[in-house]
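Now for the letters of each chain:
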Amino acid sequence: MSSIPVIAIDGPTASGKGTVAQRVAARLGYHYLDSGALYRLAALSALRGGASLADETAVAIQARAMTVRFAGERIFLGEDEVSNAIRAEEVGNSASRIAALPAVRQALYDLQLGFRQAPGLVADGRDMATVIFPDAALKVFLTASVEARAQRRYKQLIEKGFSASMADLLKDLAERDARDTNRAVAPLRPAEGAHLLDTSDMTADQAVDQVLNWYAGRAS
Ligand code: CDP
């Protein structure tokens, strides 16, 4: 088991965990793993490679073969910068579909462990605390109301130049929640011992402070 500390931040779609996790990582000088981006990259890779999203073996092969590179905020798939392309709702939905396939999750397992580097890692996703880093020093389950999450996602999409409709987003979030929560492998749920944080009425910085307080006060 590694002695490099991990802070695992899991939660449903658009709960704000990406923003919070990134800021916690910056404050501590830790590395950051956006595991959802890996599922989005695998989905994009499958879509571009012409694999049917229902073909578990083909999608897993694509996922293993992809070369990904994170450079600050920029994300590359092979030579292509895909930082914005992977944020499209279509890619998010496809990611949530292929994330239900055990072979795909397995294909991304070692890649995720590789992000655990000194002095520490903040990892965000759905199963960081339950499956990938069960020995995390701190486990946080971040939630927010569906309305707050739809509003955050709306703002995020518009800022990135995508068009978006609130009605579609609300429907989409509910579908994504159901799929992530009800799947057989690595379903979205709080890990044992996780701190629950409802951020519906919190700013991102307030959530960051809470996580840092828990981390500073953790039993070691
Ligand atoms: O941005 P959003 O929260 O909607 O999603 P994301 O974190 O970018 O992840 C995209 C999809 O990948 C999610 O809907 C999940 O189905 C899946 N995922 C997962 O299964 N396990 C993870 N550790 C991270 C993401």
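As shown above, the structure is provided for reference.
Not measured: the values here are computed from a predicted model. (Residues numbered from 1 in each chain as written. Predicted model: local features only at pLDDT ≥ 70, side-chain atom pairs only at ≥ 80, totals over all residues. Heavy atoms only, no water.)

## Section: the nonpolar core
Alright, step 1. Grouped together as the largest cluster of nonpolar side chains are 42 residues, with contacts concentrated most on L33, L41 and F133.
Alright, step 2. Of all elements in the fold, only β1 (6-10), α2 (35-48), α3 (56-65), β4 (74-77), α4 (89-98), α5 (102-107), β6 (121-125) and α7 (128-132) reach the threshold of two or more residues within this core.
Alright, step 3. Of the residues forming this core, the biggest block, eight residues, is contributed by α2.
Alright, step 4. Among the nonpolar cores identified, the runner-up in size contains 17 residues, and I7, A21, A25 and Y30 belong to it. (Core = buried A, V, L, I, M, F, W, Y, C linked by side-chain atoms within 4.5 Å. Buried < 20%, exposed > 50% of the residue type's maximum accessible area, 1.4 Å probe, protein only. Helix = DSSP H or I, 4+ residues; strand = E, 2+ residues; numbered from the N terminus.)

## Comments concerning the site of the ligand
Alright, step 1. Near the ligand, the surroundings consist of 19 residues, among which T13, R40, R105, R176 and D180 are the closest.
Alright, step 2. With respect to the ligand, the side chain of R40 contributes an N or O atom lying 2.6 Å from an oxygen atom.
Alright, step 3. A distance of 3.2 Å separates an oxygen atom of the ligand from a polar side-chain atom of R126.
Alright, step 4. Its free accessible area being 520 Å², the ligand has 96% of it covered by the protein chains.
Alright, step 5. Listed by contribution, the elements that provide at least two residues to the shell around the ligand are α2, α4 and α9 (166-182).
Alright, step 6. Among the elements that line the shell around the ligand, the one with the most residues is α2, at four residues.
Alright, step 7. Here the shell around the ligand is built from residues that sort into five nonpolar, five polar and nine charged. (Near = heavy atom within 4 Å. Polar contact = N/O pair within 3.5 Å; in protein donor to acceptor, adjacent residues only side chain to side chain. Areas by Shrake-Rupley, 256 points an atom, 1.4 Å probe, with all protein chains shown as cover. Nonpolar A, V, L, I, M, F, W, Y, C, P; charged D, E, K, R; others polar.)

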